[in-house]
Amino acid sequence: VRPLSGEVRFHGERIDRLQPFQVARLGLGYVPEDRRIFADLSVMENLEVGRQDKREGATQWTPERLFELFPNLGRNGAGKSTTLKATMGLLRPLAGEILFRGTRIDPLQPFQIARLGLGYVPEDRRIFADLSVTENLEVGRQDKRDGAPYWTPQRLYELFPNLGRMKDRPGGRMSGGEQQMLTIARTLMGNPLAVLLDEPSEGLSPLIVEQMAGTIGDLKREGLSVLLSEQNLHFAQLVADRAYIIETGQIRFGGTMAELAANDAVREQYLSV
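Residues numbered from 1 in each chain as written. Predicted model: local features only at pLDDT ≥ 70, side-chain atom pairs only at ≥ 80, totals over all residues. Heavy atoms only, no water.

*Asks:* An account of unusual backbone geometry is requested, with residue identities and associated values reported.
*Replies:* In the Ramachandran plot, R125 falls in the positive-phi region, its phi being about 70° despite a non-glycine side chain. Classification of R125 by relative accessible area gives buried; the value is 15%. The backbone phi angle of R126 is positive, close to 55°, even though this residue is not glycine. (Buried < 20%, exposed > 50% of the residue type's maximum accessible area, 1.4 Å probe, protein only.)

See the structure below:
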């Protein structure tokens, strides 16, 4: 749209006479209200459409950085699970705002937040013990969502082969690790744009923890963003790119996993038992 009068400048350069592609090449990005994604292209192909060369003075973004996994680390009672519950609308924050994809969500109900594309995997799993694996998955089904990986029961059985071998088994007759897999799979049936994952390694055997780490890595490669709440540093190191440490509801550290691994003082102060 051309202004009727006046000038529009960006970094000192007049841009109101330029074409949109010329303005974009100067380094000004635009996220339209109606999204304008390419519905027939995959997530990775949509990203390639928007690729430009590295720009001096700007943050460099790659697909890998866009799909980074961020864990909230901290001891029991630090506020990790409370953060996820407040984000999902299960608790009301006392102050501030919570935004998801530019939309304020803290006044919304959990079902409304889920319909916006935010998935939640609770710490206590909350599967339906009397329903079969297949029926538990159907409970979580939502329509295909633009910009999100599309999940079907068959795709989830490929991601979690154990579930594929027990489609008719009631949830109450599954092991803790199998129930955790089912909880994640049920959330994915909602085709979320991002997932809140609360303490997925808690109470699981080391072997299942390693399998779970591999699965979360697969989700990242599918283009799914994950916010992980975890007190198991080893597990977080297997899957995460960056970390934030919470203590009494306050963020005490933020940085890459490599920076956290090199900071003995922070780990000793906030993560040691």
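*Asks:* Got a sec to walk through the nonpolar core? Specific residues and values, please.
*Replies:* Of all hydrophobic cores here, the largest spans 42 residues; its most connected members are L156, L163, I184, L188, F235 and L260. At 6 residues, helix α10 (residues 206-221) tops the list of elements feeding residues into this core. Of all hydrophobic cores here, the second largest spans 14 residues; its members include A86, I98, F100 and Y120. (Core = buried A, V, L, I, M, F, W, Y, C linked by side-chain atoms within 4.5 Å. Helix = DSSP H or I, 4+ residues; strand = E, 2+ residues; numbered from the N terminus.)

*Asks:* Got a sec to walk through the packing of aromatic side chains? Specific residues and values, please.
*Replies:* Taken as a whole, this structure holds 0 aromatic pairs when the rule is applied. The aromatic ring of Y150 is capped on one face by K144, whose charged end is 5.4 Å from the ring centroid. Over the face of the ring belonging to W151 we find R155, whose NZ or CZ atom lies 4.3 Å from the ring centre. (Phe/Tyr/Trp six-rings, centres within 6.5 Å; stacked < 30°, edge-to-face > 60°. Lys NZ or Arg CZ within 6 Å of the ring centre and 35° of its normal.)

*Asks:* How would you sum up the pattern of salt bridges? Please name residues and give values.
*Replies:* This model, assessed by the stated rule, comprises 12 salt bridges. For E7, the salt bridge identified is with R14, shortest N-O distance 3.4 Å. Residues K220 and D241 are paired through a salt bridge, measuring 3.2 Å at the closest nitrogen-oxygen approach. With a gap of 21 residues between them, K220 in helix α10 and D241 in the loop between α11 (233-239) and β9 (242-247) connect regions that are remote in the sequence. Residue K220 is classed as buried on the basis of its relative accessible area of 17%. Taken together, the shared-partner salt bridges connect E7, R9, R14 and D16 into one network. (Salt bridge = Lys/Arg side-chain N within 4 Å of Asp/Glu carboxyl O.)

*Asks:* Help me get a handle on the confidence of the model for the protein, residues and values and all.
*Replies:* It should be kept in mind that the predicted coordinates are not to be read in detail where pLDDT is low. Of all residues in the protein, 85% attain a pLDDT of 70 or more, and the chain-wide mean is 83. Here residues 62-67 scores under 50 on pLDDT; set against residues more than four positions off or in separate chains, the count is 14 contacts. (pLDDT = per-residue confidence, 0-100. Contact = heavy atoms within 4.5 Å.)

*Asks:* Please provide a residue-by-residue account of empty space enclosed by the protein, values included.
*Replies:* Counting across every chain of the model gives 1 cavity of 30 Å³ or more. As a volume, the largest cavity reaches approximately 40 Å³. Put simply, the parts of the chain that give the lining of the largest cavity at least two residues each are α9 (176-188) and β7 (194-198). Residues belonging to the lining of the largest cavity are distributed by class as follows: 6 nonpolar, no polar and no charged. (1 Å grid on protein atoms, 1.4 Å probe; cavity = no way out; pocket = protein on both sides within 12 Å on 5 of 7 lines; lining within 4 Å. Points joined across faces, edges and corners; volume = space filled by probe spheres on them. Nonpolar A, V, L, I, M, F, W, Y, C, P; charged D, E, K, R; others polar.)

*Asks:* How would you sum up the packing of α9 against α10? Please name residues and give values.
*Replies:* Contact pair α9 / α10: the axes reach a minimum separation of 11 Å and the direction vectors enclose 15°. The angle between α9 and α10 falls in the class roughly parallel. In the crossing of α9 with α10, the sense of the turn from one axis to the other is right-handed. Residues G177, Q180, M181, I184 and L188 of α9 touch α10, and the partners they reach there are I208, Q211, M212 and L219. Per-class residue counts for the contact of α9 with α10 are 6 nonpolar, 3 polar and no charged. (Axes fitted to C-alpha atoms, helices over the stretch in contact; angles between N-to-C directions. Parallel < 35°, antiparallel > 145°, perpendicular 65-115°, else oblique. Left-handed = near helix turned anticlockwise from the far one by under 90°.)

*Asks:* For the side chain of T215, give the residues involved together with the corresponding values.
*Replies:* Relative to the helices and strands, T215 resides in helix α10. Here T215 falls in the buried class, since its relative accessible area comes to 9%. Apart from residues lying up to four places away in sequence, T215 is in contact with L159 and F160.

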